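What follows is the residue order along each chain.
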Amino acid sequence: MGNGIAHTFAQSGFKVNLVDVSQEALDRGLKTITTNLDRIIAKGNLSEEQKAETLGNITTFTALQDAVGNADLIVEAATENQELKLKIFGQMDQFAPENCILATNTSSISITKIAASTKRADKVIGMHFMNPVPIMKLVEIIKGYSTSKETFDSIYEMSKTLGKVPVEVNDYPGFVANRILMPMINESIETLYNGVAGVEEIDTVMKLGMAHPMGPLQLADFIGLDVCLAILNVMYEGFKNPKYAPNPLLVNMVMAGKLGVKSGEGFYDYSDGKKAEKVAKMFSK
Ligand SMILES: NC(=O)c1ccc[n+]([C@@H]2O[C@H](COP(=O)([O-])OP(=O)(O)OC[C@H]3O[C@@H](n4cnc5c(N)ncnc54)[C@H](O)[C@@H]3O)[C@@H](O)[C@H]2O)c1
């Protein structure tokens, strides 16, 4: 998600300082951005010159404090882990200029909680981009309890300059997108777990029957099964409602390291570029 967000800002003319924990992770991110820019060129929607300008707008850093000294806006898109995000926001608050807005791309963690860990809760906001970021138009703009109107207005307007369609959302677990999407994905996994139908059958029903561009199990693979599990757990805890309890098959797959596209295997097999159906090993109860 971080490379997609950096790509989108850079292609819109913003100077971007991209931070990750290692040079290898940054190189992987830049490689993905280059590949995605080439795809846009192949479709005739970008010139080689614009690609060079976009890449020229991105500088990489492995230390946050070196990257944020002159920032007007920071969009945090690290791993979906509350403790990690609170730690990163502490550093962002310490090293970024006083007026810098601190945004998070979190899929589910409370913006209000993240904001409360800083000394500028009025300048903390959610910017929930969709995957793949350069293509998907939606960005949920999430107001924490203390987010000021000024912060909200400036991020809402700025999102339009990225070519996105911002939607105003209040800060409750899962926001809007995942509150509706994740129960559907979880129910698809439950349907598989109960032996009602196979992976491809479930996805085909939703693609051809509901006109979804991608079946829910393949979408889960693309999002990352660990991310899906983390979001369901936040909603389960946040609402204290068993309807959000993650299905045991999802829990088992994450424990086994089957995280979807990023690990090479989830509900489908992505090794060697294949997307053949993968019958989950823990299919039966
Ligand atoms: N995957 C999706 O479809 C999706 C969609 C919308 C929002 N999100 C959210 O975006 C965020 C990132 O998701 P992802 O799927 O890209 O996760 P990911 O685990 O694939 O990538 C996270 C990146 O953060 C880096 N990172 C970890 N700790 C860091 C630190 N201290 N400083 C800098 N970088 C650090 C990791 O090295 C990695 O490159 C999460 O909050 C997630 O909920 C994900």
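Quick caveat: nothing in here was measured; it's all calculated off a predicted structure.

Looking at the layout of surface pockets
Okay, step 1: By volume, the second largest pocket is sized at about 210 Å³.
Okay, step 2: Along the walls of the second largest pocket sit 14 residues, with Q82, S108, I109, S110 and V234 positioned nearest its centre.
Okay, step 3: Each residue belonging to the lining of the second largest pocket can be placed in one class, and the counts come to five nonpolar, five polar and four charged.
Okay, step 4: Looking at the lining of the second largest pocket, you find at least three residues from each of domain 1 (2-170) and domain 2 (177-284).

Observations regarding the domain arrangement of the protein
Okay, step 1: Domain annotation of the protein identifies domain 1 (2-170) and domain 2 (177-284).
Okay, step 2: For domain 1 and domain 2, the distance between their C-alpha centroids amounts to 26 Å.
Okay, step 3: Counting residues at the interface gives seven residues for domain 1 and seven residues for domain 2.
Okay, step 4: Both sides of the domain 1 and domain 2 interface together cover about 540 Å² of buried area, and 61% of this is carbon and sulfur.
Okay, step 5: When the buried surface of domain 1 facing domain 2 is broken down by residue, E80, S107 and S108 rank first, second and third, together holding 59% of it.
Okay, step 6: For the interface between domain 1 and domain 2, the tally reads zero salt bridges.
Okay, step 7: Considering only residue class, the side of domain 1 that touches domain 2 consists of one nonpolar, four polar and two charged.

Considering the site of the ligand
Okay, step 1: Taken together, 20 residues surround the ligand, and among them D20, E80, K85, N105 and S107 come closest.
Okay, step 2: K85 has a polar side-chain atom sitting 2.8 Å from an oxygen atom of the ligand.
Okay, step 3: Across the complex, the protein chains shield 79% of the 830 Å² of accessible surface that the ligand would expose by itself.
Okay, step 4: Those elements that place two or more of their residues in the shell around the ligand are α5 (82-95) and β5 (124-129).
Okay, step 5: Residue contributions to the shell around the ligand peak at three residues, all from α5.
Okay, step 6: Partitioning the shell around the ligand into residue classes produces ten nonpolar, six polar and four charged.
Okay, step 7: Here the shell around the ligand spans two domains, and each of domain 1 (2-170) and domain 2 (177-284) adds at least three residues to it.

Remarks on the sheet that holds strand β7 (residues 165-170)
Okay, step 1: The strand order across the open sheet built from five strands is β3-β4-β5-β6-β7, with neighbouring strands paired in mixed fashion. Two strands lie at the open edges of the sheet, namely β3 (73-76) and β7, each paired on one side alone. Strand-to-strand twist in this sheet, taken as the mean axis angle between neighbours without regard to direction, amounts to 30 degrees.
Okay, step 2: Each of β3, β4 (101-104) and β5 touches α5; the most contacted strand, β4, lies at about 165 degrees to it.

Quick word on the packing of helix α8 (residues 177-193) against helix α11 (residues 225-239)
Between two packed helices, the angle of one axis relative to the other and the distance separating the axes together describe the packing.
Okay, step 1: At a closest axis distance of 10 Å, the pairing of α8 and α11 adopts a crossing angle of 110 degrees. One way to sum up the angle between α8 and α11 is to call them roughly perpendicular. As α8 packs across α11, the resulting crossing turns out to be left-handed. From α8, N178, R179, M182, P183, I185 and N186 reach across to α11, where they touch C228, I231, L232, M235 and F239.

Conventions and cut-offs
Here the residue numbering is sequential within each chain, running from 1 through the sequence in written order. In keeping with the predicted nature of the model, local features appear solely for residues at pLDDT of at least 70, side-chain atom pairs appear and are counted solely at 80 or more, and the whole-chain, interface and lining totals rest on all residues. Excluding hydrogens and water, the side-chain figures rest on all heavy atoms present in the structure. Site definitions follow a grid-based scheme: protein atoms alone, a 1 Å grid, a 1.4 Å probe that fits but cannot get out for cavities, and for pockets an open set with protein on both sides within 12 Å along at least five of seven lines, plus lining residues having an atom within 4 Å of a point. Grid points are joined across faces, edges and corners, and a volume is the space filled by probe spheres set on the points. Residues are grouped as follows: Ala, Val, Leu, Ile, Met, Phe, Trp, Tyr, Cys and Pro are nonpolar; Asp, Glu, Lys and Arg are charged; every other residue, Gly included, is polar. What counts as a domain boundary in this text is fixed by an automatic or database domain assignment. In what follows, a contact means two residues having at least one pair of non-hydrogen atoms within 4.5 Å. Put simply, buried area is the surface a 1.4 Å probe can reach on two separate parts but cannot reach once they are joined, added for both. When a carboxyl oxygen of Asp or Glu is within 4 Å of a side-chain nitrogen of Lys or Arg, the pair counts as a salt bridge. For each residue, the test is whether any non-hydrogen atom lies within 4 Å of the molecule or strand; if one does, the residue is near. Here a polar contact is taken to be a pair of N or O atoms separated by no more than 3.5 Å, where protein atoms must pair a possible hydrogen donor with a possible acceptor and residues adjacent in sequence count only if both atoms sit in side chains. Note on areas: Shrake-Rupley, 1.4 Å probe, and residue coverage restricted to the protein chains presented here. Only DSSP runs of H or I with at least four residues qualify as helices, and only runs of E with at least two residues qualify as strands; both kinds are numbered from the N terminus onward. Following DSSP output, two strands are said to pair if at least two bridges run between them. Axis definition: a line fitted to C-alpha atoms, limited for helices to the stretch in contact. Angles are taken between N-to-C directions and run from 0 to 180 degrees. Just so you know how the angles are binned, under 35 degrees is roughly parallel, over 145 roughly antiparallel, 65 to 115 roughly perpendicular, and the rest oblique. Helix crossings are classified by the rotation of the near helix relative to the far one: an anticlockwise turn of less than a right angle makes the crossing left-handed, while a clockwise turn makes it right-handed.

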